[in-house]
Structures are given as C-alpha cells and as structure tokens.
Amino acid sequence: MQDPLHTSADLAPSPATASAAALTHARRIVIKIGSSLVMDSDSRGVARDWMAALAEDIHALRRQGRQVILVSSGAVALGRARLRTVPGKLKDKQAAAAVGQTLLMQAWEQALAPHDLITAQVLLTRDDTEHRRRWLNGRATIEALLDHGAIPVVNENDTVATEEIRYGDNDRLAARTGQLAHADLLVLLSDVDGLYTADPRHYPDARHLSLVETLSPDILAMAAGANEQAGVGTGGMATKLAAAQIARSAGCATIIASGQTPHPLRTIFEGARATLITAPATPLAAWKQWIAGSIHTHGTLTVDEGAVRALRSGKSLLPSGIMAVSGEFEKGASLRIVDPAGQKVAVGLATYPSDEVALILGHHSDEIEHLIGYRGPSVVIHRNDLVLEP
C-alpha cells in the first residue's frame, strides 16, 4: 500500500506543486493548528476525529524520517467551554488556559498514542524566545525531545503570561518555535487555504497566490483580518504573514493551508490549494549569518593552535583547547575566539558562563562534571553556533 504522504522525491517546485515539494523535502517541520480546528463547533469540545486524522499524517511523516513539532492553539477556548465562561479579564483567560491545557494535552496524547508517538508538553512565553540564555535552554529541550522521538506540543504559557510578555497569537509563536528549533518548514493550518489578493469572503474575484517568493509591501497589504466566522481564534492573515516574515529570516519556509478537511497534510501532497512562502537561505545558514552579524561580543577566548586547526576543519571548541578567558558573560553570550597571537579566528555562542569556562579551560570534556558540579555540554562552543573569520 502506498504511503499516504508519498510523493516523488525529485518533484520540482512549480506554482501548482510548490507546497507539496516543500513538504516533501523538509527535514524538520513545525505544524501550527488553530483553535477553530481543535474545537468541535457543535459540541464545543475536542475535535477528536480531526486530530486522529492529523495524527495519521504525522505518523506518515515520521516513517519517512522527518521530525515534527506541533504548536497547538485551543487551550483557552476549551477551558472556557468547560468553565462555561465568556472572554473577560486576563485572570479569567489564565484560568481558562489552566483548565483547557490539560484537556488539550489529553486530546493530543489520545490522538498520537495509537501510533506509538510520545507527546511532550512545552509551554513558552515571549521571554523564552527573546532572552538568549532561555532561548538556548528551550532549544536544548526541544532538541532532546526530538532526539528521543517525542512530538513536542508547544503552546503559549497563558496561565502565567501577562499582556506585556504575551505573543498574543500562536502564528507568531509557531514562527519563533521554528526559529528556535532550526526548522526548515512551518505549516500554518487554519480555516483559510492560503493568501489571496483580497479577502475572498468579501471579494469573490480575489486571486489565490500559490507561491510567494518575496514578502513585499504589496503582498503584506493583501492580508485580511481575523476570520470572524470561526469565533475562537485570535489570528488572521496579517498574523500569518508576520509569522512567515519571522520564519523566513531564520531560513524557514512557510505553508499557509486549510485544515478544515481530514488529513490536511495529505491533501497538500495531493495538490490542495495552499500558499508557499519561500525562504532565501537554509536555517543553519540564516542562524550563522545572525551570529556573524553580532556587533557586540561579551568576552574573548584565547585558544591554542590545535584548537584553531580543529575549528577550521569544522569541529566544535572543546575546553581542552582554551588557554584563557576574558570578560564576564552568561551562557549564550557572543564571544570572540582568538589564536595565541591575538588574531581573531571566529565568533560563537558560549554554552557556559565565564566563571565556569575559567574552571574547565585546559581540561578534557569528561572532567567537566567534576569541575563545575553538573554534567553540561561537552563543548564550550558548538560548531553550529560558530562562524569562522573569512
């Protein structure tokens, strides 16, 4: 029997097949699910049949060796239905989120468990993706979950987030998650099947755009408001394009597609209408470009000639190759790496703060736990977080 998500590996993107090709070639995929898809409009409870169908699509992707992260809306809407409340003050929304989050995770667990897929809850606030140390901690957690074969289910931590630190919509949260996880594709599933030249609910002659390669002001102006008919979401096309801009800057392409049919990912492969917004670079290239563009470094590591050779051959920086550390910095800080003569070799992001680097420099990686009291990374700067001087 043919895999329901199978499509030719050498499929060439075209306006008609671009979304299918992007989904075919993506290695790490973030899928954002809107509230109107998670909640059954009649019962005001969980849309279990739809979630089960999506779980089958995810299982098919996993069999193909792809990694999947879910960003799922619906907690507040489900919590309000259970509490029988209406939108009110922030504290009421936080209470609804606390109730609804358990319902949402139970639903995803039930949907994914028949395929032996492990569900893992990840709750984030805006601070978690905008403060470098918390960013790196979040990235490490998601990487570990993916390495263990789990499906991270990400949502905003609405039970504690205040208006000042909220994303406000899960489209942008999904884009930040893609950025954090170095995903190469973001799929935004909602109640619309892509971008149109105007709101098709009000302009029947609006033209659908299958492929967008530049988010120009004209394209951004096409965004419509939130879908009033759904009644449970907070995002519209404007937030989806804002999310696509975030993802694009991180080398992550975006598909905007309808999730209102069973097996929404399968339907993309089968040629369903969707919009692909391309990215100009790979996630790793975009990440390294961001590191290279760091104007201010917070410290300097002097390394020996052996470390210089290792870095130039594509290796990470081990503590054994570090001769000296200067400056005070935290984990995640941008650092200059210089050779014994003081010449700049590279710039990279630290996995340890300065006081701990001072303790482990010159030592082998297997001594780190004894020296600092916990088992941290085996490298001081990972090769993926390092950019060599030209």
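Residues numbered from 1 in each chain as written. Predicted model: local features only at pLDDT ≥ 70, side-chain atom pairs only at ≥ 80, totals over all residues. Heavy atoms only, no water.

Caption draft 1: Quick look at the pairing of strand β10 (residues 274-277). Residues of β10 alternate between two faces, with A274 and L276 on one and T275 and I277 on the opposite face, all of them buried. Bridging between strand β8 (residues 211-212) and β10 involves two bridges; their strand directions are parallel. Opposite V212, over in β10, you have I277 as the bridge partner. Relative to β10, strand β9 (residues 253-258) is paired through four bridges, and the arrangement is antiparallel. Within β10, the residue paired with T254 across the bridge is I277. (Buried < 20%, exposed > 50% of the residue type's maximum accessible area, 1.4 Å probe, protein only. Helix = DSSP H or I, 4+ residues; strand = E, 2+ residues; numbered from the N terminus. Pairing = 2+ DSSP bridges.)

Caption draft 2: Focus on the packing of helix α8 (residues 170-181) against helix α10 (residues 237-249). Direction vectors running N to C along α8 and α10 enclose 10 degrees, while the axes themselves pass 8 Å from each other. Between α8 and α10, the angle is such that the two are roughly parallel. For the pair formed by α8 and α10, the contact residues are D171, R172, A175, R176 and Q179 on the first element and T239, K240, A242, A243, I246, A247 and S249 on the second. Its residues assigned to classes, the contact of α8 with α10 comprises five nonpolar, three polar and four charged. (Axes fitted to C-alpha atoms, helices over the stretch in contact; angles between N-to-C directions. Parallel < 35°, antiparallel > 145°, perpendicular 65-115°, else oblique. Contact = heavy atoms within 4.5 Å. Nonpolar A, V, L, I, M, F, W, Y, C, P; charged D, E, K, R; others polar.)

Caption draft 3: Region of interest: α10. For α10, which comprises 13 residues, the first-to-last C-alpha distance of 18 Å matches the rise-based estimate of 18 Å (1.5 Å per residue) to within 8%. Taken together, the buried positions of α10 are M237, T239, K240, L241, A242, A243, A244, I246 and A247. If you follow the buried residues of α10, they end up packed against α8, β5 (185-190), β6 (195-196), α9 (217-220), β9 and β10. Two residues or fewer after α10 comes G251, characterised by a positive phi angle close to 80 degrees. (Expected span 1.5 Å × (residues − 1).)

Caption draft 4: A look at the sheet that holds β9. Strand order in the open sheet made by the eight strands is β3-β4-β2-β1-β5-β9-β10-β8, with mixed pairing throughout. On the outer flanks of this sheet lie β3 (118-124) and β8, each paired with one strand and no other. Bridge analysis of strand β1 (residues 28-33) against strand β2 (residues 67-72) gives six bridges, and the strand direction is parallel. The residue bridging V30 from the neighbouring strand is I69, located in β2. Along the sheet, helix α3 (residues 48-63) makes contact with β1, β2, β4 (150-156) and β5, crossing β1 at roughly 175 degrees.

Caption draft 5: Spatial organisation of the side chain of S73. By the element assignment, S73 lies in the loop between β2 and α4 (75-83). Assessed through its relative accessible area of 8%, S73 is described here as buried. In terms of polar contacts, S73 uses its side chain to reach the side chain of N170, at 3.0 Å. Excluding its chain neighbours within four sequence positions, the residues that come into contact with S73 are K32, I33, G34, S35, V38, L104 and N170. (Polar contact = N/O pair within 3.5 Å; in protein donor to acceptor, adjacent residues only side chain to side chain.)

Caption draft 6: Inspection of the side chain of R139 at higher detail. Structurally, R139 can be placed in helix α7 (residues 132-147). The class of R139 is buried, set by a relative accessible area of 13%. Once residues lying within four places of it in the same chain are set aside, the contact partners of R139 are L180, H182, W287 and D385.

Caption draft 7: View of the packing of α3 against helix α5 (residues 90-112). α5 packs onto α3 with a crossing angle of 50 degrees between their chain directions and a minimal axis gap of 8 Å. What the angle tells us is that α3 and α5 run oblique. α5 is crossed by α3, and the crossing has right-handed handedness. Here R48, W50, M51, A52, L54, A55 and I58 of α3 lie close against α5, whose contacting residues are A107, W108, Q110, A111 and L112. The class makeup of the residues in the contact of α3 with α5 is ten nonpolar, one polar and one charged. (Left-handed = near helix turned anticlockwise from the far one by under 90°.)

Shape descriptors only; they carry no functional weight alone.
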